[in-house]
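Okay, here's what each chain looks like letter by letter:
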Amino acid sequence: MKHTVKITIILISLFFFAQLIGIYVANQYLPEIKQVVTETGEIKNETIYNLPYGLDPPTNIKPQESIISIVIALIIAVSLMLLLMKLKAETFLRGWFTIVVILGLSIAINAFLMTIPRAALISVILAIPLGILKIFHRNMFVHNATELLIYPGIATVFIPILNVFSVSVLLVVISLYDMYAVWHSGFMQKMAKFQIQKLKLFSGFFVPYMGKEDRLMMNKVKSMKESEKNKKLKKVKVNLAILGGGDVVFPIILAGVVLRTLGLWQAVTISLGATLALAFLFYKSEKGKFYPAMPFISIGCFIALAIAYLL
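Residues numbered from 1 in each chain as written. Predicted model: local features only at pLDDT ≥ 70, side-chain atom pairs only at ≥ 80, totals over all residues. Heavy atoms only, no water.

(A) A look at the nonpolar core. In this structure, Leu 162, Phe 205, Leu 243, Val 248, Phe 250 and Ile 270 are the most contacted members of the largest nonpolar core, which totals 75 residues. When sequence neighbours within four positions are dropped, the list of residues in contact with Ile 270 reads Pro 251, Leu 254, Ala 255, Val 258, Cys 301, Ala 304 and Leu 305. (Core = buried A, V, L, I, M, F, W, Y, C linked by side-chain atoms within 4.5 Å. Buried < 20%, exposed > 50% of the residue type's maximum accessible area, 1.4 Å probe, protein only. Contact = heavy atoms within 4.5 Å.)

(B) Up close: the pattern of salt bridges. According to the stated counting rule, one finds one salt bridge in the structure shown. Between Glu 147 and Lys 134 there is a salt bridge; the shortest N-O distance is 2.6 Å. Within this pair, whereas Glu 147 is found in helix α5 (residues 140-158), its partner Lys 134 is found in helix α4 (residues 119-136), the two being separated by 13 residues in sequence. On the basis of relative accessibility, which here comes to 2%, the residue Glu 147 falls in the buried class. (Salt bridge = Lys/Arg side-chain N within 4 Å of Asp/Glu carboxyl O. Helix = DSSP H or I, 4+ residues; strand = E, 2+ residues; numbered from the N terminus.)

(C) Representation of a nonpolar patch on the surface within the structure. Residues Leu 264, Trp 265, Ile 299, Ile 303, Ile 307 and Leu 311 make up a contiguous nonpolar surface patch of roughly 670 Å² in combined accessible area. Among the elements of the structure, α11 (264-284) and α12 (293-310) are those that each provide at least two residues to the nonpolar patch. Relative to the helices and strands, Ile 303 is located in helix α12. Judged by relative accessible area, Ile 303 falls into the exposed class, the value being 51%. (Patch = residues over 30% accessible without salt bridge, like charges linked within 9 Å, V, L, I, M, F, W, Y side chains within 5 Å. Areas by Shrake-Rupley, 256 points an atom, 1.4 Å probe, with all protein chains shown as cover.)

(D) Structural context of α5. Counted at 1.5 Å a residue, the expected span for α5 with its 19 residues is 27 Å, and the 28 Å between its end C-alpha atoms agrees. Along α5, the helix axis deviates most sharply at Glu 147, where the bend reaches about 30 degrees. Those residues of α5 not exposed but buried are His 143, Asn 144, Thr 146, Glu 147, Leu 148, Leu 149, Ile 150, Tyr 151, Pro 152, Gly 153, Ala 155 and Thr 156. (Expected span 1.5 Å × (residues − 1). Bend = angle between axes of the 7 residues up to and from the residue.)

(E) Representation of the side chain of Ser 175 within the structure. Inspection of the secondary structure puts Ser 175 in helix α6 (residues 164-183). Its relative accessible area of 6% is what places Ser 175 among the buried residues.

(F) Local environment of the packing of α6 against helix α10 (residues 245-261). The interhelical angle for the contact between α6 and α10, taken along N-to-C directions, is 170 degrees, at an axis separation of 10 Å. The angle between α6 and α10 places the two elements in the roughly antiparallel class. For the pair α6 and α10, contact is made by Val 164, Val 167, Leu 170, Leu 171, Ile 174 and Asp 178 and by Asp 247, Phe 250, Ile 253, Leu 254, Val 257 and Thr 261, respectively. Class assignment of the residues belonging to the contact of α6 with α10 gives a composition of nine nonpolar, one polar and two charged. (Axes fitted to C-alpha atoms, helices over the stretch in contact; angles between N-to-C directions. Parallel < 35°, antiparallel > 145°, perpendicular 65-115°, else oblique. Nonpolar A, V, L, I, M, F, W, Y, C, P; charged D, E, K, R; others polar.)

(G) Representation of α10. Between its first and last C-alpha atoms α10 spans 25 Å; for 17 residues at 1.5 Å apiece the expected length is 24 Å, and the two agree. Counting buried residues in α10 gives 14 out of 17 residues, a clear majority hidden from the surface. Positive backbone phi, approximately 140 degrees, marks Gly 263, located one or two places after α10.

(H) Quick look at unusual backbone geometry. Of note, the phi angle at Tyr 53 is positive, near 60 degrees, even though the residue is not glycine. Position of Tyr 53 relative to the elements: it lies in the loop between β2 (43-48) and α2 (63-87). In this model, Arg 118 sits at a positive phi of 55 degrees, which is unusual for a non-glycine residue. Mapped onto the secondary structure, Arg 118 falls in the loop between α3 (90-113) and α4.

(I) Representation of a positive patch on the surface within the structure. Where like charges cluster on the molecular surface, the positive patch consists of Lys 88, Arg 138, Lys 198 and Lys 200. Along the chain, Lys 88 turns up in the loop between α2 and α3. (Lys, Arg positive; Asp, Glu negative; His and termini not counted. Charge placed at Lys NZ, Arg CZ, Asp CG, Glu CD.)

(J) Spotlight on the environment of Ala 120. Mapped onto the elements, Ala 120 comes out in helix α4. We classify Ala 120 as partly exposed; its relative accessible area is 28%. A C-alpha to C-alpha distance of 8.4 Å links Ala 120 and Ile 109, two positions eleven residues apart in sequence.

Nothing here speaks to function; it is geometry throughout.
In structure tokens form, the structure reads like this:
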């Protein structure tokens, strides 16, 4: 099996595992509908959310309003990111990333510990060192392992405030933005390079790999003397295969909404559709080029959504 094929399989596997974890986390936080008696003696249904850390959504918010709020928030976040990149505010950005990472980890870990006392507190205590280790001590295994939990945690915040229609519109909007940002403005490439080169982190999955010539060089280096090794190692280039965090989180949001409205197997169908679409993109993509993944993933999600309604 070719080396690049192995890397592709690793990225696709990480993506799929994140989707499945996302479905589990979303299932743990599914809202409950209970009948309550009002002061006037009237019986009515009330939706009870169980998100930790005061993240329960407002009870009167509508999905149409939610999508507008999410789009505006994304515009503000992207604009702020561009401004901070220009100002070279690396310290502030690391702090920002750290807070988001710890929050996402805490929500996801809490989903696994909900049955034990003080689960929310224990989750934060576990998330803080993991988040700091991830941001400030670069390690591929820690990075990717924590990414598997971060996006399910983040997605869970948005799932209760959206319905199938609104999240479908959101996927279309994000896909159009992704195409513009990659193929026209080049912002995605700049942001990825800034994160990796300046911040020494990346919001998404990454797997380092070497080309054939560099791997042959590494094999030769093993038999060299120490004085010669350092000279040769400087010439070895390590490439990164990357998959952005947005490409991971938005299919989880759709799967979570489908889980709430249609059921478990329909949600798994969404994850399978997104994963197969991503695999198709990797199969068709050319080495060294950037591609907007969201349009492909969204198409896979929509095909899977049509199938889910038939199940």
